[in-house]
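# Close look at the chain arrangement
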Amino acid sequence: MMSANTDFTLAVEELTVSFDGFKAVDNLNFYLDKNELHVVIGPNGAGKTTVLDLICGKTKSTSGSIKFMNKELTKLSEHEIVRAGVGRKFQTPSIYENLTVFENLEVSYPRGRGVFGSLMFKRDAEVENKILEIAKEIMLDHMLETEAALLSHGQKQWLEIGMLLIQDPQLLMLDEPVAGMSVKEREQTAELLNKISAGRSVLVIEHDMEFVAQIAHKVTVLHQGKILASGDMDTVQKDPKVIEVYLGH
Amino acid sequence: MSFMYEKLLGGKNGTVGFVLLATLILVVFPLALDGFRLNLVAKYLTYAFPAISLVLLWGYGGTLSLGQGIFFGLGGYGMAMFLKLEASSPENTAIQSTPGIPDFMDWNQLTALPWFWEPFNSFTFTLLAILIIPSVFAYLIGVAMFKRRVGGVYFAIITQVVSLILTVLIVGQQGYTGGINGITDLRTLHGWDITSDFAKNLFYFITCFLLLAVILMSRFILTSKFGRLLLAMRDKEDRVRFSGYDVANFKIFIFCFSAMISAIGGAMFTLSVGFMSPSFVGIVPSIEMVIFAAVGGRLSLIGAVYGCLLINFGKTAFSESFPELWLFLMGGLFIAVVMFFPNGLAGLWEDHSHHIKKRLGFITSLFSKNDTAAVAPKLEGSN
C-alpha cells in the first residue's frame, strides 16, 4: 500500500533492509513534516545510522519505499539523491583536511557539479558571498583561510554542517552532530540547529538527551530496527517501554 | 593576464618553476649538449609525459595506474604505423614477395595490408588516432572500473595486467605488429628525412613545447574546482559523493586525460628515437614511469620532469659502467624515496628553501628560539 502524493517532506513506508537475514531495519514507517526538527534516539545497534544510510542511498533497501517530496529515492544513486535536495552529515566529521575552510565550502557549492562544469567553474561574487554567509552561520567566518585539518573537533562538525547548508537542502540529516563537543560548543550547535531548521526539515540522530531536549520538535525511539515510541520529548520520556530499553540505563 | 598567471602558471612559485624549467630545456640543454646527447634528452623528456600524467592521476587523484605504458605505447605505435607505411612504399620494398607492405608483414607471409593499418596512411588520421584511441581505451577501462567503484590496489593490479596483456598481444601477433622487435627502420615523414640532425633537433624542441603545453593544461585542471575535487576525493570520497558529485566521472576524465598525455609522449618518442617496440609498453616501463613521478615528487608537475631527467641521466651513466647494478640501484632509490622523501625532489626543494628562510630568520631575529628548536630536528632528518 504505497501512499499517493502527500504533504510530507519525507515519507518512509514499510522499509526493510536485511544483511544476511539480520533485519537491521524492519518494516519501518516514518514521516517527516515540513520545517520539522525530528530526533531519532535509540540504543546502539538500533538501526539509526542504517536509516540515514538508506535515505541517502549509501545502503540499498531490501523492500519498502522512501519518498522525498513525493519522489521515490530508493531507485536513485547517491549523487542524484543529493541533487534532489537531501543532505547528510556523517558521524565522524567528514571534511577535506587538505583544503581550507573556504575551499571546503566552495567544493560543496552546488554549481559546477559535472566534469566540465567543474573545470569552467568561476569563483564569482555570488559564490564568495554565499560562502561568507554560510561561514558566518557556522561561526567560522574568521577562519576561512585555515586548513581544515587544523580546526578543533567541534569546528570540523560545524564545517561539515556548513558544507551541507551551502547546498540548501530541503532535508538535512545529521548523525550525532554534537559527539565529542564541549558544553559550550553543544549550546552553540543547538542554537545553530534551531536556526537552520527554519525553512527545511531536519533529521538528527543523537544520544545526548539534554541536547535532544533543547532541539527536538519530535522524537522517535528506535529499537532493534523498529519504532518503539514516537511523539514529543515528554511523551517519549514517560513511555514505560522506552524507559525499559533505553532511558532506564 | 591574471587568468594566465593564476590558472595556467599557478601563481608566483609556479611561474618561477615553470620559467626555470623552460630555460633549462629550451636554452641550457641545446647550448650545452651535443646532438647525440640532446637526442637522448629528447627521449627522456618523452617519458616525462607519462610521469606528469601520474602526478595528476596518482598524486592528486589518488589512483595509481601501473599501466601508463599502455597509452605511451598506443601513441608510439600510432606514429610508428604511419611512418612505417611511408617507409614501405612499393619502390622501397620492391624486393619483397608482396611489395608495398611493411617488411615484417612480408616475412610473416602476409600478402595484404591488414584493415586496421589502412587508415594510418593518413597523417591527419594518425594524429587524431594518437590522441583519441588511448583516451577511448582509457575511457572503457575507466567505466568498467570506476563505475563499479574499483580503486586503489585493485586498479593498480588491473592496469598492470592490461599492460602485460597488450605486450603479449603485440609480441604474439608478429605479422600485424612487428612482434618483439617492434616497428623499426622508420625513415621519412611526408618525404622529409626524420633521421637527420636537423630533424632530431626539431623533434627535441617540439617535445619541449608540447611538454610545457601539457604542464600548463595540467595546471589549469589542478587550479580549477576540478583540481580541488580531486584532492577532496582522495581525502574523503564519500563526502564528495554525498555532496552531489558522480565521483566515477571525475576519475574517468582524469584517467582519459592522463592517457592522452602519455600517448603524446609515446608519439614523440617514436619520432625522436626512430622506432617503437613492446619493451616500452609493458610492466617494467610502466613501473619506471611511476618511479619518475615518485622521485620528482608526485604532487609536482615540474618535479616529475626533473625526476625523469635525473633518473634517466643516472641510468645512462650507470648502465654504461655497471649495467647489471642499475636495476637494483633504481629499486633502492624508489624505496628510499617512498620511505624518506614521500614528496620527492619537489618536497626536498620545498623543505630546503624553507630551511634557508628559517636560518635567515635566526640570524636576523632576536626572538628565534622557537624557530631554531623546530628547525634542528628537521635538518638532521634531511641529512
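Residues numbered from 1 in each chain as written. Chains lettered and ligands numbered in written order. Predicted model: local features only at pLDDT ≥ 70, side-chain atom pairs only at ≥ 80, totals over all residues. Heavy atoms only, no water.

With that settled, consider unusual backbone geometry. Positive phi values are uncommon outside glycine, yet Glu176(A) reaches one of about 50 degrees. Assignment of secondary structure puts Glu176(A) in the loop between strand E7 (171-175) and helix H7 (183-196). Even without being a glycine, His190(B) presents a positive backbone phi close to 50 degrees. Among the secondary structure elements, His190(B) is positioned in the loop between strand E1 (188-189) and strand E2 (192-193). Judged by relative accessible area, which is 59%, His190(B) ranks as exposed. (Helix = DSSP H or I, 4+ residues; strand = E, 2+ residues; numbered from the N terminus. Buried < 20%, exposed > 50% of the residue type's maximum accessible area, 1.4 Å probe, protein only.)

Inspection of every chain in the model, using the stated rule, returns 31 aromatic pairs over all chains. Geometrically, the ring pair formed by Phe71(B) and Phe255(B) is edge-to-face, given 5.5 Å between the ring centres and 85 degrees between the ring planes. Separated by 184 residues along the polypeptide, Phe71(B) in helix H4 (residues 68-87) and Phe255(B) in helix H12 (residues 247-273) bring together distant segments of the chain. There is no split in this pair, since Phe71(B) and Phe255(B) are both buried. Taking 6.0 Å as the distance between ring centres and 65 degrees as the angle between the ring planes, the aromatic pair formed by Phe275(B) and Phe280(B) counts as edge-to-face. Feature note: the residues Phe116(A), Phe226(B), Tyr245(B), Phe250(B), Phe253(B) and Phe257(B) constitute an aromatic cluster, connected by ring pairs. (Phe/Tyr/Trp six-rings, centres within 6.5 Å; stacked < 30°, edge-to-face > 60°.)

On to the sheet that holds strand E1 (residues 10-19) of chain A, then. All names here are of chain A. Taken in spatial order, the four strands of this open sheet run E2-E1-E4-E5, and their pairing is antiparallel. The open sheet has two free edges, formed respectively by strand E2 (22-32) and strand E5 (71-72), since each of these has just one partner strand. Pairing of strand E4 (residues 63-68) with E5, which is carried by two bridges, proceeds in the antiparallel orientation. Residue pairing in the sheet places Phe 68 in a bridge with Lys 71 of E5. (Pairing = 2+ DSSP bridges.)

A word on the pattern of salt bridges. In this structure the tally under the stated criterion is 23 salt bridges over all chains. Here Arg186(A) makes a salt bridge to Asp208(A), at a shortest N to O gap of 1.9 Å. Placement of Arg186(A) in helix H7 and of Asp208(A) in the loop between strand E8 (201-205) and helix H8 (209-215) is noted, with a sequence separation of 22 residues between them. Lys251(B) is paired through a salt bridge with Glu237(B); the nearest N and O atoms lie 3.0 Å apart. Of this pair, Lys251(B) sits in helix H12 while Glu237(B) is found in helix H11 (residues 237-241), placing the two residues 14 residues apart along the sequence. Residue class for Lys251(B) comes out buried when judged on its relative accessible area of 13%. (Salt bridge = Lys/Arg side-chain N within 4 Å of Asp/Glu carboxyl O.)

To continue, consider the interface of chain B and chain A. Each partner contributes to the interface: chain B provides 25 residues, whereas chain A provides 36 residues. Both sides together, the interface formed by chain B and chain A hides about 2600 Å², and carbon and sulfur atoms give 60% of it. Counting the surface chain B buries against chain A, the share from its top three residues, Lys225(B), Arg239(B) and Phe242(B), is 30%. On the surface where chain B and chain A come into contact, there are four salt bridges. Here chain B and chain A share 15 residue pairs in polar contact (both at pLDDT 80 or more) between them. For the side of chain B that touches chain A, the secondary-structure elements that each account for two or more residues are helix H9 (197-223), helix H10 (225-235), H11 and H12 of chain B. Here the side of chain B that touches chain A takes eight residues from H10(B), the largest share from any one element. Across the side of chain B that touches chain A, the residue classes tally to 11 nonpolar, four polar and 10 charged. (Contact = heavy atoms within 4.5 Å. Buried area = accessible area lost by both parts, 1.4 Å probe. Polar contact = N/O pair within 3.5 Å; in protein donor to acceptor, adjacent residues only side chain to side chain. Nonpolar A, V, L, I, M, F, W, Y, C, P; charged D, E, K, R; others polar.)

Residues and elements named next belong to chain A. An order of E6-E7-E8-E3-E9-E10 is seen for the six strands of this open sheet, with the pairing classed as mixed. In this open sheet, the two strands that pair with only one neighbour each are strand E6 (86-89) and strand E10 (226-231). Adjacent strand axes in the sheet meet at a mean angle of 15 degrees, parallel and antiparallel pairs treated alike. Alignment of strand E3 (residues 37-41) against E8, held across four bridges, turns out to be parallel. From the neighbouring strand, His 38 faces E8, where its bridge partner is Leu 203. Packed on one face of the sheet, helix H1 (residues 48-56) meets E3, E6, E7, E8 and strand E9 (218-223) and runs near 145 degrees to E7. (Axes fitted to C-alpha atoms, helices over the stretch in contact; angles between N-to-C directions.)

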